[in-house]
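The chain contents come next:
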Amino acid sequence: MTTIRVLTYNIHHGEGNDRVISAARIAEVIRESGADLVGLNEVHHPALLPGDERAFLARIAEAAGMGYVFGAALPQEDGWAFPAPYGNALLARWPLLNAATGLLPGAPGCEVRGSVSAQVGGAQVGGAEAGGAQLGGAEAGGPAGLVCYVTHLENRDEALRVRQAQRLLGLLAAERRAHLVIGDFNAVTPGEERGGQVPSSAPGLLRAAGYVDAAQAAGAVAPTCPSARPAERIDYVWLSPALAGSLRGCQVWDTPLARVASDHLPVLAALEV
């Protein structure tokens, strides 16, 4: 059996609440959590900061001691200084194999959303990564066969968010291996509303499909956003039914550094696989 610590983290383009963009700080949050497998949202790659010769994502992975794959949803996001594709990333201490990317339904005026996935350890299938994913170096070994999907759903349009969740479940229907689905779902679970928040039916779709909400199963539901004054839980770690018995704990990673490094707090789950 292998103990694996899984972190989902929306890094807000690497920009903290102090408006400083820092790969080193994001990596330090990852290191302090002790995570082995990390899903990142709002990633630009291969973005370079002025005067830097290493891509921002590569800097994060290198400082965290991990390899990475990247899945682009947009060729470039408007309004940000990074002239690079934008999407999600998966980092791990072990080899990431058979990487794949996918796009989710969109609508006029809404940001294009997508997913990236990879197998953690095990044997390569097909010989190449898909969708322009980038592979970095990592330790040998790992929990062979475990698959992780990272996604980021629509933040304003509930009907679109539900369609994206349905498409994601359609992609997952063909997955026969034990797997995780992690990321920023921009969805408040009904019953967790605070003040004027509007709940979403997207989390219920995953529950109906048999996925286990790690925070709920661990009795550790807590808000994740905004990081300075957390008010809503929109970041999730979901376990496929085959992994339901592997959960050993879950928590929002709420530290002084995490409260500054991004506008989201990460969620950390521990599994024994």
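Undergrad: Help me out: how do you make sense of the overall build of the chain in this one?
TA: Along its length, the chain carries six helices and 12 strands. Looking at the chain residue by residue over its 273 residues, the buried ones come to 55%. Counted over contacts in the chain with a minimum sequence separation of 6, partners at least 24 positions apart contribute 75%. Of the accessible surface of the chain, which amounts to about 10700 Å², a share of 53% is contributed by carbon and sulfur atoms.

Undergrad: Looking at this structure, I do not really get the nonpolar core. What am I missing?
TA: Most often, soluble globular proteins keep nonpolar side chains buried together rather than apart. Core analysis: the biggest nonpolar cluster contains 59 residues, and I30, L37, L40, I60, L91 and L180 have the highest contact counts within it. When residues of this core are assigned to their parent elements, the largest contribution, six residues, is made by helix α2 (residues 56–64). Not counting residues within four places of it along the chain, the set of residues in contact with I60 comprises I11, A23, I26, A27, I30, L40 and L91.

Undergrad: Which parts of the structure should I look at to understand α2?
TA: Given 3.6 residues to a turn, an α-helix orients residues that are three or four positions apart in the same direction. Looking only at α2, the buried set comprises F56, L57, A58, I60, A61 and A64. Elements in contact with the buried residues of α2: α1 (23–33), β2 (37–44), β3 (67–74) and β4 (86–92). Once α2 ends, the next one or two residues include G65, with phi positive near 75°.

Undergrad: Would you take a moment to explain the packing of aromatic side chains for this structure?
TA: Each pair of aromatic rings is reported with the distance of its centres and the angle of its planes. As enumerated under the stated definition, the model contains three aromatic pairs in all. With 5.7 Å between their ring centres and 75° between their planes, F185 and Y236 make a pair best called edge-to-face. Here Y236 lies in strand β10 (residues 235–239) and F185 lies in the loop between β8 (179–184) and α4 (202–208), a separation of 51 residues in the sequence. Owing to a relative accessible area of 1%, F185 belongs among the buried residues under this scheme. Residue Y236 is classed as buried on the basis of its relative accessible area, which comes to 1%. Each residue in the set F185, Y236 and W238 is aromatic and connected to the rest through ring pairs, giving one cluster.

Undergrad: I'm lost on the environment of S262 in this one. Help?
TA: You can see S262 is positioned in the loop between α6 (258–261) and β12 (267–272). Through-space distance from the C-alpha of S262 to that of S22 is 9.8 Å; in sequence the pair is 240 residues apart. A polar atom in the side chain of S262 sits 2.6 Å from the backbone oxygen of N10. A polar atom in the side chain of S262 sits 3.3 Å from the backbone nitrogen of H264.

Undergrad: How should I be thinking about the sheet that holds strand β7 (residues 146–152) in this particular structure?
TA: The pairing of strands in a sheet comes from backbone hydrogen bonds and takes either a parallel or an antiparallel form. Sheet architecture is open: six strands sit in the order β5-β6-β7-β8-β10-β9, paired in mixed fashion. Each end of this open sheet is capped by a strand with a single partner; those strands are β5 (96–103) and β9 (212–213). Relative to β7, strand β6 (residues 114–120) runs antiparallel, the two being bridged by six bridges. Across the sheet, the residue bridging to S115 is T151, located in β7. Its contacts with the sheet place helix α3 (residues 158–172) against β5, β6, β7 and β8, and it is angled at close to 160° to β8.

Undergrad: How do you make sense of α1 when you look at a structure like this?
TA: All buried positions along α1 are accounted for by A23, R25, I26, A27, V29, I30 and S33. Taken together, the buried residues of α1 touch β1 (3–10), β2, α2, β4, α6 and β12. Of the residues that open α1, the one with a side-chain oxygen 3.5 Å from the backbone nitrogen of A24 is S22.

Undergrad: Sorry, what's going on with the layout of surface pockets here?
TA: In this approach, a probe sized like a water molecule rolls over the atoms, and the result shows the empty space that is left. The computed volume of the largest pocket comes to approximately 210 Å³. In this structure, the largest pocket is lined by 15 residues; those nearest its centre are E42, R113, H152, N155 and N186.

Undergrad: How do you make sense of the pattern of salt bridges when you look at a structure like this?
TA: Pairs may arise between side chains of opposite charge once their charged atoms sit close together. One pass over the full model with this rule turns up 14 salt bridges. A salt bridge links E28 to R31; the shortest N-O distance between them is 2.2 Å. On the criterion of helical spacing, the pair formed by E28 and R31 is a turn pair, its members being three residues apart in helix α1. Taken together, the salt bridges that share partners define one network made up of D52, R54, R59 and E62.

Here is what the cut-offs are and how they apply
Within any chain, residue numbers begin from 1 and follow the written order of that chain's sequence. Totals for whole chains, interfaces and linings use every residue, but because this is a predicted model, local features are given only for residues with pLDDT of at least 70 and side-chain atom pairs only at 80 or more, for both listing and counting. Here the side-chain values reflect all heavy atoms present in the structure, with hydrogen atoms and water set aside. Secondary structure follows DSSP: runs of H or I at least 4 residues long count as helices, runs of E at least 2 residues long count as strands, and numbering of each begins at the N terminus. Exposure categories follow from relative accessible area, calculated using a 1.4 Å probe and restricted to protein chains: below 20% of the type maximum is buried, above 50% is exposed, and the middle band is partly exposed. Residues count as neighbours in contact if any of their non-hydrogen atoms are within 4.5 Å of one another. Exposure was quantified through the Shrake-Rupley algorithm and a 1.4 Å probe, taking into account, for residues, occlusion by the shown protein chains and nothing else. Joining through side-chain atoms within 4.5 Å is the link that ties buried Ala, Val, Leu, Ile, Met, Phe, Trp, Tyr and Cys residues into a set, and such a set is a nonpolar core. Pairs were defined over the aromatic rings of Phe, Tyr and Trp, the Trp ring being its six-membered one, requiring ring centres within 6.5 Å. Orientation was assigned from the angle between planes: stacked under 30 degrees, edge-to-face over 60, tilted for the rest. The term polar contact refers here to a pair of N or O atoms within 3.5 Å; inside protein, the definition further demands a hydrogen-donor-capable atom paired with an acceptor-capable atom, and it admits residues adjacent in sequence only when both atoms are side-chain atoms. At least two DSSP bridges between two strands are required for those strands to pair. Angles run from 0 to 180 degrees between N-to-C directions of axes, and those axes are lines fitted to C-alpha atoms, restricted for helices to the stretch in contact. Using protein atoms alone on a 1 Å grid, points that fit a 1.4 Å probe yet trap it form a cavity, whereas open point sets bounded by protein on both sides within 12 Å along at least five of seven lines form a pocket; residues with an atom within 4 Å of a point count as lining. Grid points are joined across faces, edges and corners, and a volume is the space filled by probe spheres set on the points. Any carboxyl oxygen of Asp or Glu within 4 Å of a side-chain nitrogen of Lys or Arg constitutes a salt bridge here.

By themselves, these observations are geometric and do not establish any function.
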